[in-house]
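As a plain string of letters, each chain reads:
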Amino acid sequence: MNINQISKSSILLIYTGGTIGMKEDPVEHTLKPFDFSQILAEVPELGKFACKIDSYTFNPLIDSSDIEPSNWKNLVKVIDTNYEKYDGFVILHGTDTMAYTASALSFMIEGLTKPVILTGSQLPIGVPRTDGKENLISAVEIAASRQEDGTATVPEVCICFDNVLMRGNRATKFNADNFRAFISENLPLLAEAGINIKYNYAYIRRPQNPHLRPIFHYNLDTRVSILKIHPGITPQVVRDIVCGAGTRAVILETYGAGNAPSAEWFISLVRESAQSGKILLNVTQCMAGEVDMDIYATGKCLKEAGVINGYDSTTESALAKLFYLMGEFEENDKVRKYLDMDLRGEISK
Ligand code: ASP
């Protein structure tokens, strides 16, 4: 770490809630949030950074299982309002929906020039063996890091967890117990923290103009449903999900390289949904790899029925991208067009 660079940095730490800031309620024996000053008191190491750290606390604090798109808008608003004042943003967030929030922020902020680093922990920051301290310290260091020309080292929305940095819209929570709670199987890590933080510069995205203010998008259309295909799925369940009146888009979580049952009833329901104008997007249930609907007959049927390719997108990212694009565009064809494009490094295309 270059102390001179850090000395010029100022960070806004946004505390939304999550295990990192919880302690046990002695009566109910469940974890509940405690306030931010108590978090800082647990991490005196932060005072050793020669960078200025201000904080913003959500009121009320939330377990991230309660996160809603309205919370994402609040988060974006805080970043928007404070954008010029800070060199980077660290968001303390529960792990359960961190990948959803990271994905949403990546789409809601277009042309990001500063780091937005989400972190949290598996164990509360006040308990021995907590992973919260290291996660927070690494996140702050990454958010404060700048290159020699003064631009941010990682001008992206990322998740920093257990000594690794992942692009936010590529990450998934895959382990409920382990300190390594997130993976990014379809994109290499953006950094690893050992004795030093080693950045994987080849994969870090940079804005075309690092001095332009980003565009902050607040419109989200959440009329999306997700169908996870499984053996034994019934026509009624599929109909309810893919043809539902309140649904504008459906994410099909398919097998392997994008395959689904070839039964006539299934394909005709998918066709009916597509013909009614709904947007149908194919992502794989697999943790790694991508959809290719030309490999198997079962995938080809979907393509011919009007399903579009989600490539190697995570489900979290596909959902956030749909919310964002449908909020931006009334015409479904425009949404389809942009779904097929790599907008924020979310798909390999
Ligand atoms: N339920 C918690 C949350 O997501 C879990 C965590 O933070 O790890 O807020």
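Being a predicted model, the structure only gives us computed values, none of them experimental.

Caption draft 1: Focus on the overall build of the protein chain. Of regular secondary structure, the protein chain possesses 10 helices and 18 strands. Taking 349 residues into account, the globule formula puts the C-alpha radius of gyration at 20 Å, and the protein chain, at 21 Å, falls close to it. The C-alpha extent of the protein chain, read off along each of the three principal axes, is 65 × 55 × 35 Å. The buried share of the protein chain, reckoned over its 349 residues, is 55%. In the protein chain, once contacts between residues fewer than 6 apart in sequence are set aside, the share between residues at least 24 apart is 75%. Counting only carbon and sulfur atoms, one obtains 50% of the accessible surface of the protein chain, whose full area is about 15300 Å². Here the protein chain carries 34 positive and 43 negative side-chain charges, and the mean point of each set is 4 Å from the other.

Caption draft 2: Just the site of the ligand, in detail. Around the ligand sit Gly18, Thr19, Asp63, Ser64, Gly94, Thr95, Asp96, Ser121 and Gln122, and those are all the residues in its vicinity. In this structure, Asp63 approaches the ligand through a side-chain N or O atom, which is 2.9 Å from a nitrogen atom. Within the backbone of Ser121, a nitrogen or oxygen atom sits 3.4 Å from an oxygen atom of the ligand. Burial of the ligand by the surrounding chains reaches 90%, relative to a free accessible area of 260 Å².

Caption draft 3: Structural view of the sheet that holds strand S12 (residues 191-193). Judged by pairing direction, the sheet is mixed, and its eight strands sit side by side in the order S4-S1-S5-S7-S8-S9-S12-S13 without closing on themselves. Only two strands of the sheet have a single neighbouring strand rather than two, namely strand S4 (52-57) and strand S13 (197-199). With direction set aside, neighbouring strand axes in the sheet form an average angle of 25°. Taken strand by strand, helix H5 (residues 132-144) contacts strand S1 (10-15), S4, strand S5 (88-92), strand S7 (116-119), strand S8 (157-161), strand S9 (164-167), S12 and S13, and its axis lies near 160° from that of S5.

Caption draft 4: Highlighting the confidence of the model for the protein chain. The share of residues in the protein chain with pLDDT of 70 or more is 98%, and the mean pLDDT across the chain is 93. Note on residues 1-6: pLDDT under 50 across the span, and 12 contacts to partners over four residues away in sequence or across chains.

Caption draft 5: How the structure looks around the pattern of salt bridges. As enumerated under the stated definition, the model contains 18 salt bridges in all. Taking the shortest distance from any N to any O, the salt bridge between Arg170 and Asp312 comes out at 3.1 Å. Of this pair, Arg170 sits in the loop between S9 and strand S10 (172-173) while Asp312 sits in the loop between strand S18 (308-309) and helix H9 (315-328), and the two are 142 residues apart along the sequence. The pair Arg170 / Asp312 is uniform in exposure class, with both members buried. Where Arg239 meets Glu272, a salt bridge forms, and the shortest distance between an N and an O atom there is 3.0 Å. Linking Arg239 in helix H6 (residues 235-242) with Glu272 in helix H7 (residues 264-275), this pair joins segments that are 33 residues apart in sequence. Owing to a relative accessible area of 33%, Arg239 belongs among the partly exposed residues under this scheme. The class for Glu272 is partly exposed, based on a relative accessible area of 36%.

Procedures and definitions
- Residues numbered from 1 in each chain as written.
- Predicted model: local features only at pLDDT ≥ 70, side-chain atom pairs only at ≥ 80, totals over all residues.
- Heavy atoms only, no water.
- Helix = DSSP H or I, 4+ residues; strand = E, 2+ residues; numbered from the N terminus.
- Rg over C-alpha atoms; globule rule 2.2 N^0.38 Å.
- Buried < 20%, exposed > 50% of the residue type's maximum accessible area, 1.4 Å probe, protein only.
- Contact = heavy atoms within 4.5 Å.
- Areas by Shrake-Rupley, 256 points an atom, 1.4 Å probe, with all protein chains shown as cover.
- Lys, Arg positive; Asp, Glu negative; His and termini not counted.
- Charge placed at Lys NZ, Arg CZ, Asp CG, Glu CD.
- Near = heavy atom within 4 Å.
- Polar contact = N/O pair within 3.5 Å; in protein donor to acceptor, adjacent residues only side chain to side chain.
- Pairing = 2+ DSSP bridges.
- Axes fitted to C-alpha atoms, helices over the stretch in contact; angles between N-to-C directions.
- pLDDT = per-residue confidence, 0-100.
- Salt bridge = Lys/Arg side-chain N within 4 Å of Asp/Glu carboxyl O.

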